[in-house]
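In case you want the letters, here they are:
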Amino acid sequence: IFKEWVDKRFTHRYPALKAINTVIARSGFRFTFLIRLSPVIPFNALNYCLSLTSISFFEYVTATFFGIIPGSVLYVYLGSTARSVKEIIDGKVTKDERTTIL
């Protein structure tokens, strides 16, 4: 909705924004995929920023889908490992099961 307004108002003042928009226009999938791998940038802020660029909807959706898979798998793995470690500490796991888990 505000893409034209932002382009007109800010890209002339800040050449870095114009450069970023050019990069996203050329390789939007790659940029979005790589930035989704980073846990530092909140998804909400990134969503708003990307909506102001010239990335296509298809590139945005596919890059987001594939970019959040590694983080999701990592969080699931860490959660299941934490549960297994807690069971070992609580003594609910036998000695043979401990070697399998660890």
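As a reminder, the structure under discussion sits directly above these lines.
A short tour of the structure in this document, coming up. (Residues numbered from 1 in each chain as written. Predicted model: local features only at pLDDT ≥ 70, side-chain atom pairs only at ≥ 80, totals over all residues. Heavy atoms only, no water.)

## A look at the overall build of the protein chain
Defined as follows: The helix and strand labels rest on DSSP assignments: H or I over at least four residues marks a helix, E over at least two residues marks a strand, and numbering proceeds from the N terminus. Throughout, a residue-residue contact means that at least one pair of heavy atoms, one from each residue, lies within 4.5 Å. Here, Shrake-Rupley sampling with a 1.4 Å probe gives the accessible areas, and only protein chains in the shown set may cover a residue.
On a plain count of helices and strands, the protein chain comes out with six helices and zero strands. Beginning at the N terminus, the succession of helices and strands in the protein chain can be written as α-α-α-α-α-α. Sequence separation of 24 or more characterises 58% of the internal contacts of the protein chain that already satisfy a separation of 6 or more. Carbon and sulfur atoms make up 68% of the accessible area of the protein chain, which totals about 8000 Å².

## Quick look at the packing of aromatic side chains
Condition: Pairs were defined over the aromatic rings of Phe, Tyr and Trp, the Trp ring being its six-membered one, requiring ring centres within 6.5 Å. Orientation was assigned from the angle between planes: stacked under 30 degrees, edge-to-face over 60, tilted for the rest. Partly exposed describes any residue whose relative accessible area lies between the buried limit of under 20% and the exposed limit of over 50%, with all areas from a 1.4 Å probe on protein chains only and scaled to the type maximum. Whether a charge lies above a ring is judged from NZ of Lys or CZ of Arg, which has to be within 6 Å of the ring centre and within 35 degrees of the ring normal.
Applying the stated rule across the entire model yields two aromatic pairs. Between phenylalanine 65 and phenylalanine 66, the aromatic rings sit 5.0 Å apart at their centres with planes inclined by 75 degrees, giving edge-to-face as the arrangement. Given the relative accessible area of 43%, phenylalanine 66 is considered partly exposed. Lying across the ring of phenylalanine 43, arginine 36 places its NZ or CZ 4.5 Å from the centre.

## What to know about helix 3 (residues 28-37)
Cut-off, in case you're wondering: By construction, the arc corresponds to the directions joining the helix axis to the C-beta atoms.
Within helix 3, the full set of buried residues consists of Gly28, Thr32, Ile35 and Arg36. Each buried residue of helix 3 lies within a common arc of 105 degrees when the element is viewed along its axis, so the set occupies one face.

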